[in-house]
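This is what each chain is made of:
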Amino acid sequence: MSSAKLLLFALAAPASLLASCASAPMQDTPAPAASGPVMIATWPFGKLAVDAAAEKVAEGGSGLDGIEEGIRLIETLGSDGSVGLAGRPNAAGYPQLDAYIMEGPTRGAGSVGGMEGIVHPITAARRVMDSSRHVMLVGEGARWFALEQGLETVDVSDLDAKKAAWVERERDPAEPAEKGHDTITLLMLDDNGDLYGGCSTSGAGGKLPGRVGDSPVLGAGLFLDNEVGAAGATGVGENVMRYSATTVIVEMMRQGMHPQEACEAMVHRIAAVDPLGYELDVCFIALDKQGRTGAAASNQRFPFAVGEKGASEVRSVDAVSRR
Ligand code: SD4
């Protein structure tokens, strides 16, 4: 998140959230008492998701209900202009949305990629998991499925014209590809010791129509193993996908690494072999079965939200230093 984006978020954020933005000690999160889930989420707007998820669980919802509720809120708010239909448009001028949800106890997973005109992609992803025999649906098929499920939609009758105009337009190959991006990724360990996770994004701004990022790709933007822990990503999806980053972070935790150590190790591991080095622009969050959290970023200060025992705060970590 750029400083301009942080400022925009700051203007819209409650004062209590801003106060907690300032400090960011990374510390062990104690194992949860029977008093609500432990959660970690990307970016300062993740605090809103954490709080909404905690409320849902406190009302009797499942961990999965909490994940869906928290992410739906960010999709509704279009926080940071990077999630949901208020998110960043693709090169043809309209949003194509990615989302993914995962349930530890059943090892259930559902995802949608490049979906148009559906208000809550996270709910579409959950319906893929709960109400289809598939794990991932993309593009027009994902939209059809969501409509069949009765999910909220917006008018997309102008999209064909936008596509046609984009195809006709003389495209400038020198136009900068980078037009901003962010993702809400939310991980939870509930009072039963079960793990849940979800993510939602409009993906990289200015992406080619049809581009699918890391977020809905299993083991890339999100992965969890109910016996070990969960990990999520934000940043340039191409640089996350090529390394199956969240799968590797979970495997590192399986080998005994603390989530903080595993997130940092993943950044170093990618930067050591990738031509972009530490300029990759990738950020990771992780949560283990003991309720310990971690976060790391390759090239920027990375704010994220942590919630436990009914309280939540925004913390941040500096970019990992080169070794
Ligand atoms: C994507 N990883 O589609 C997402 C965007 C993001 O911070 O998270 N940016 O590439």
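In this text the structure is predicted, and so the values were computed from the model without any measurement.

> When you look at the sheet that holds strand 5 (residues 184-189) in this model, what are you seeing that I'm missing?
Strand-to-strand pairing in sheets goes through backbone hydrogen bonds, with the strands running parallel or antiparallel. Taken in spatial order, the 8 strands line up as 4-3-2-6-5-1-11-12 in an open sheet, and their pairing is mixed. Of all the strands in the sheet, just strand 4 (136-138) and strand 12 (311-317) have a single pairing partner and so form its edges. When strand polarity is set aside, the average angle formed by the axes of neighbouring strands in this sheet is 10°. In this sheet, strand 3 (residues 108-115) lies alongside strand 2 (residues 97-103) in antiparallel orientation, the contact comprising 6 bridges. Residue pairing across strands places Glu103 opposite Gly108, the latter belonging to strand 3. The sheet contacts of helix 4 (residues 63-77) involve strand 2, strand 5 and strand 6 (195-201), and relative to strand 6 the element is tilted by about 20°.

> What exactly am I supposed to notice about the nonpolar core here?
The tendency in soluble globular proteins is for nonpolar side chains to be buried side by side. Counting 85 residues, the largest nonpolar core has Ala49, Leu186, Ile249 and Phe284 as the members making the most contacts within it. Counting residues per element, this core draws most heavily on helix 3 (residues 46-58), at 7 residues. Ignoring anything within four residues of it in the chain, the contact list for Ala49 reads Ala41, Gly70, Ile71, Leu73, Ile74, Ile184 and Leu186.

> Hey, could you run me through the site of the ligand in this one?
Among the 14 residues in the neighbourhood of the ligand, the closest are listed as His181, Thr183, Gly203, Gly213 and Gly237. Along the lines of polarity and charge, the residues of the shell around the ligand split into 2 nonpolar, 10 polar and 2 charged.

> Looking at this structure, how should I read the pairing of strand 9 (residues 282-288)?
Two faces, one strand: in a regular strand the side chains alternate between the faces of the sheet. Along strand 9, 7 of the 7 residues are buried, which leaves the element largely enclosed by surrounding structure. Where burial is concerned, the two faces of strand 9 agree: the one with Val282, Phe284, Ala286 and Asp288 and the one with Cys283, Ile285 and Leu287 are both buried. Both strand 8 (residues 229-235) and strand 9 contribute to a ladder of 7 bridges, which runs antiparallel. For Gly232, the partnering residue across the bridge sits in strand 9 and is Ile285. Where strand 9 lies against strand 10 (residues 293-297), 5 bridges are found, and the strand directions are antiparallel. Among the inter-strand pairings, Ile285 is bridged to a residue of strand 10, identified as Ala295. The hairpin formed by strand 9 and strand 10 contains 4 residues between the paired strands, and Gly291 there has a positive phi angle of roughly 85°.

> How do you make sense of the pairing of strand 3 when you look at a structure like this?
Burial of strand 3 is extensive: 7 of the 8 residues sit out of reach of the surface. Taken together, strand 2 and the strand that follows it, strand 3, pair antiparallel across an intervening segment of 4 residues, in which Arg107 is found at a positive phi of about 55°.

> Help me understand the packing of helix 9 (residues 245-254) against helix 10 (residues 259-273), please; the structure alone is not making it clear to me.
Geometry of a packed helix pair, given as the angle between the helix axes and the separation of the axes. At a closest axis distance of 9 Å, the pairing of helix 9 and helix 10 adopts a crossing angle of 135°. Here helix 9 lies oblique to helix 10, going by the angle between them. Our pair here, helix 9 against helix 10, has a crossing hand that is right-handed. Contacts from Ala245, Val248, Ile249, Met252 and Met253 of helix 9 reach helix 10 at Pro259, Ala262, Cys263, Ala265, Met266 and Ile270. Across the contact of helix 9 with helix 10, the residue classes break down as 11 nonpolar, no polar and no charged.

> What should I look at first to understand helix 10 in this one?
If you check helix 10, its first and last C-alpha atoms are 22 Å apart, about what 15 residues at 1.5 Å a residue would give, namely 21 Å. The complete set of buried residues in helix 10 reads Pro259, Ala262, Cys263, Glu264, Met266, Val267, Ile270 and Ala271. Buried residues along helix 10 sit against strand 8, helix 9, strand 9 and strand 10.

> Explain the packing of helix 3 against helix 4 to me, please; I cannot follow it from the model alone.
Where helix 3 contacts helix 4, the two axes come as close as 7 Å, and the packing angle between them is 140°. Our classification of the angle between helix 3 and helix 4 gives oblique. Considering only the axes of helix 3 and helix 4, their crossing is right-handed. Of the residues in helix 4, those touching helix 3 at Leu48, Ala49, Val50, Ala52, Ala53, Ala54, Lys56 and Val57 are Gly63, Asp65, Gly66, Ile67, Glu69, Gly70, Ile71, Leu73 and Ile74.

> What should I look at first to understand the environment of Pro259 in this one?
Looking at the secondary structure, you find Pro259 in helix 10. Pro259 gets classed as buried once you count the C-beta atoms within 10 Å, which come to 31. Between the C-alpha atoms of Pro259 and Ala230, which are 29 residues apart in sequence, the distance is 9.0 Å. Setting aside residues no more than four positions away along its own chain, Pro259 makes contact with Gly229, Met253, Ala286, Leu287, Asp288, Arg292, Thr293 and Gly294.

> Sorry, what's going on with the sheet that holds strand 9 here?
Overall, antiparallel pairing links the 4 strands, which are arranged 7-8-9-10 in an open sheet. Looking along the sheet, the strands with just one partner apiece sit at the ends: strand 7 (222-225) and strand 10. Strand-to-strand twist of the sheet, defined as the mean angle between neighbouring strand axes without regard to direction, takes the value 10°. Packing of helix 9 onto the sheet brings it into contact with strand 7, strand 8 and strand 9, and relative to strand 8 it is tilted by some 145°.

> What exactly am I supposed to notice about the environment of Leu276 here?
With respect to the helices and strands, the residue Leu276 is situated in the loop between helix 10 and strand 9. Its 14 C-beta neighbours within 10 Å are what place Leu276 among the partly exposed residues. Between the C-alpha atom of Leu276 and that of Asn239, which follows or precedes it by 37 residues, the distance is 9.3 Å.

Reading the values: the criteria
- Residues numbered from 1 in each chain as written.
- Predicted model: local features only at pLDDT ≥ 70, side-chain atom pairs only at ≥ 80, totals over all residues.
- Pairing = 2+ DSSP bridges.
- Helix = DSSP H or I, 4+ residues; strand = E, 2+ residues; numbered from the N terminus.
- Axes fitted to C-alpha atoms, helices over the stretch in contact; angles between N-to-C directions.
- Contact = placed C-beta atoms within 7 Å.
- Core = buried A, V, L, I, M, F, W, Y, C linked by C-beta atoms within 7 Å.
- Buried ≥ 20, exposed ≤ 12 C-beta atoms within 10 Å, placed from the backbone.
- Near = placed C-beta within 6 Å.
- Nonpolar A, V, L, I, M, F, W, Y, C, P; charged D, E, K, R; others polar.
- Parallel < 35°, antiparallel > 145°, perpendicular 65-115°, else oblique.
- Left-handed = near helix turned anticlockwise from the far one by under 90°.
- Expected span 1.5 Å × (residues − 1).

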